[in-house]
Amino acid sequence: MQPFTCFMDVENSRSYVDVLYSADYVEIQDALITLKNQVIGSNKQKGSVISQGLLPKLISFITLDEVPLSVKLDAAIVIGSLAKGTESHVSALIDCRIVDIMLAIVSNPSTDKRLVEIALSVLRSIFQHPLAPIVEINTNTNFLKDIIGIAASDNSIHCQSCVANILVPLCHSFNEQMILCHTGAIPFLARLITTDYSILQIPALKCLAAMCFTNRSVSDVVCGFTYENKQLPDILTALLSRVKLSDIQLAAARCLTYIHRSDSLTSTDPRIVYRTLPCLARLCTNEFDEETRATAAETLAYLAEIDSELQRLAAISNHLISSLFELLKIKSSPLPRVGAFRCFASLGANDEDIRKRIIETKGLMEEVLFGLGDPSADVRLAAVRCLHSLSRSVQQLRTTFQDHSVWRPLMTLLQGTPSNELLTVVTSTICNLLLEFSPSKEPMVESGCCELLCELTKSPDAALRLNGSWALMNMAFQADEIIKDKIINTLGTDRVLKLLSDSDSRVIMKTLGLLRNLLSKSMDIENIMKKHSSQLMQAVSLVLDSTHSSEVKEQALCIIGNIAHAAISTDYIMEDESILKKVLDFVTHKDCKLQKGAVIAIKNLIDKNDLNTSRRLMVLNDLGAVDKLEAYLSMATHLSEDVSNVRSLIRRLVGYT
């Protein structure tokens, strides 16, 4: 056989390919060596090998017992190179059951150690791809134990590193995390973390972080685990030192962050407050590479996301706000901008002073608006999250948000087919922009916001239905008659009824809040009830008859109270005896909120003086209102003012009789 150079194109070498089917293993090995040199670093040559159907032959070399070890090793190296190719190359390997084959090689105690290491390298490469059949390993607990055993301290660093990297993608779900925990992964990872080899420490830290993410059970085990007389969280804390590699500092900080967010370490734990948080803030500065800074910012955002004290400490740590602003200027990759926007969103979640400092950073609002139109969906989503956090400021809604007409790009994001996640955050921000004191409210209504929100209430996604009804509730608050008519006519009473029977109680609450805001003024109540009284009374009755919480039913009673007080031409409550009886029954309910809501509704009926007053008093007496109110007074200790008001109502009813 003539020697082939590494520059030769496999697809033009039919005779060369034929050699692989020879019976002479010396010739086969020479061909494999050349093939190995060709495919390394060349996706084109990898694709050519696969397209010519050579995979089954290569696999046969490593599975047949009679094949010499040297041929097995070279064939396995070629497969390992293919596994480092594109997703289509990896997909072809998976279709040939290469994972099962490599697992069998690794699990066989008689396999040569060199072949085991190559097989582990193949598995490591494959499991870095999203197509990897993770379930096949996670359902094989014996293999997980075997593979952890293979990576014992007396085996090579390469072997241990491969195993650690293989485990990283195997713990994304709760069940996967628990399986790894039960198969002895934590002691194994603790040993790797305490070595002096970063090639072992980094994947081990990444795996431990993935295991602890949103998993209290695993995080508790980690917190209680001791290795060489040191608690594992203390070992992790020591790795936050400046003398460690930045990758190690970051990976250790992510572990501690996930352990904290799983509630295994409190937000006041010194390891979180004085070590993890400052470390992440420092890693955001420009002395580190872009990827480190971006990941540190995103991790810090998650660390402080729900704790106002951590947000306050982060905001004053190591010039963090200016460091994040510098990250926003990096356009070479979406990651820095995503990390910075998310961290800004987290910092400004609760504190008005922090929001003010963020917004007053020169040029920041321009960057946020640029982010809303970024080509990257991840950047757009992160920018909206940042805007949503900042929109919680009343002052900024009146000033900065108005100056920059923030509502315009937000409305643009609702067009087309945005993801549900983006829609949820955008509409959450719109909820704030529609508050009564926001100058953006009027132009948004004029731009078709009402129609978009009403359409959202039909979404199969509960979060979108919630935001749609919430935003409409805000839009209706102290709105004029034109806006209220627009809302009720666009939404329709049929949709209101469906929303009030929603599976999510939050949607029901916001829909009741919407009705309460719509039915808040005498003229508005008259106009709306004349057209929709039967449907709206049916809606209220539906809620009162339901098994919902007292908070939900209280809102329905408040709506009845509004109608009872402000309706001018018609006694809508008196005309619906079933509603009236329900209200009277709630006067003696065991829940004090429902008692008071019902008493207010009765008071509004009794106190209103018009031509129908006598009839109302007569009907209330006939239904036993006096007995109900007297029973109410005897049920509990009330405020003196409350007692006085109720006694006044009783006197009026008794005086009428």
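For the structure, check the block above.
This is a predicted model, so every value here is computed, not measured.

A.B. asks: Even after reading the chapter, I still don't get the overall build of the protein chain, so can you show me in this structure?
C.D. replies: Regarding its fold elements, the protein chain presents 42 helices and two strands. Relative to the compact-globule value of 26 Å for 657 residues, the protein chain shows a C-alpha radius of gyration of 34 Å, a clear excess of over 25%. Taken over the C-alpha atoms alone, the protein chain extends approximately 115 × 55 × 50 Å along its principal axes. Considering the protein chain as a whole, with its 657 residues, one finds that 57% of them fall into the buried category. Considering only residue pairs separated by 6 or more positions, the protein chain has 68% of its internal contacts joining residues 24 or more positions apart. Of the roughly 28400 Å² of accessible surface on the protein chain, 51% is carried by carbon and sulfur atoms.

A.B. asks: Where do I start with the side chain of Thr276 in this structure?
C.D. replies: Note that Thr276 resides in helix H18 (residues 270-283). Overall, the relative accessible area of 0% leaves Thr276 in the buried class.

A.B. asks: What should I look at first to understand the side chain of Arg616 in this one?
C.D. replies: Looking at the element boundaries, Arg616 is found in helix H40 (residues 613-622). You can call Arg616 buried: its relative accessible area is 1%. If sequence neighbours within four positions are ignored, Arg616 has contacts with Asp571, Met574, Leu605, Lys608, Asn609 and Asp610.

A.B. asks: What is the right way to read the pattern of salt bridges from this model?
C.D. replies: Pairs can form between side chains of opposite charge whenever their charged atoms are close. Going through the model one piece at a time under the given rule, you end up with 27 salt bridges. A salt bridge links Lys458 to Glu455; the nearest nitrogen and oxygen atoms lie 3.6 Å apart. Look at Lys458 and you get partly exposed, because its relative accessible area is 47%. Given the relative accessible area of 49%, Glu455 is considered partly exposed. Between Asp524 and Lys484 there is a salt bridge, with the nearest N and O atoms lying 2.8 Å from each other. Of this pair, Asp524 sits in helix H36 (residues 522-544) while Lys484 sits in helix H33 (residues 481-491), and the two are 40 residues apart along the sequence. The two residues Asp524 and Lys484 agree in class, both being buried. What emerges from the salt-bridge pattern is a single network uniting Lys331, Arg337, Glu367 and Asp374.

So, how was this worked out
- Residues numbered from 1 in each chain as written.
- Predicted model: local features only at pLDDT ≥ 70, side-chain atom pairs only at ≥ 80, totals over all residues.
- Heavy atoms only, no water.
- Helix = DSSP H or I, 4+ residues; strand = E, 2+ residues; numbered from the N terminus.
- Rg over C-alpha atoms; globule rule 2.2 N^0.38 Å.
- Buried < 20%, exposed > 50% of the residue type's maximum accessible area, 1.4 Å probe, protein only.
- Contact = heavy atoms within 4.5 Å.
- Areas by Shrake-Rupley, 256 points an atom, 1.4 Å probe, with all protein chains shown as cover.
- Salt bridge = Lys/Arg side-chain N within 4 Å of Asp/Glu carboxyl O.

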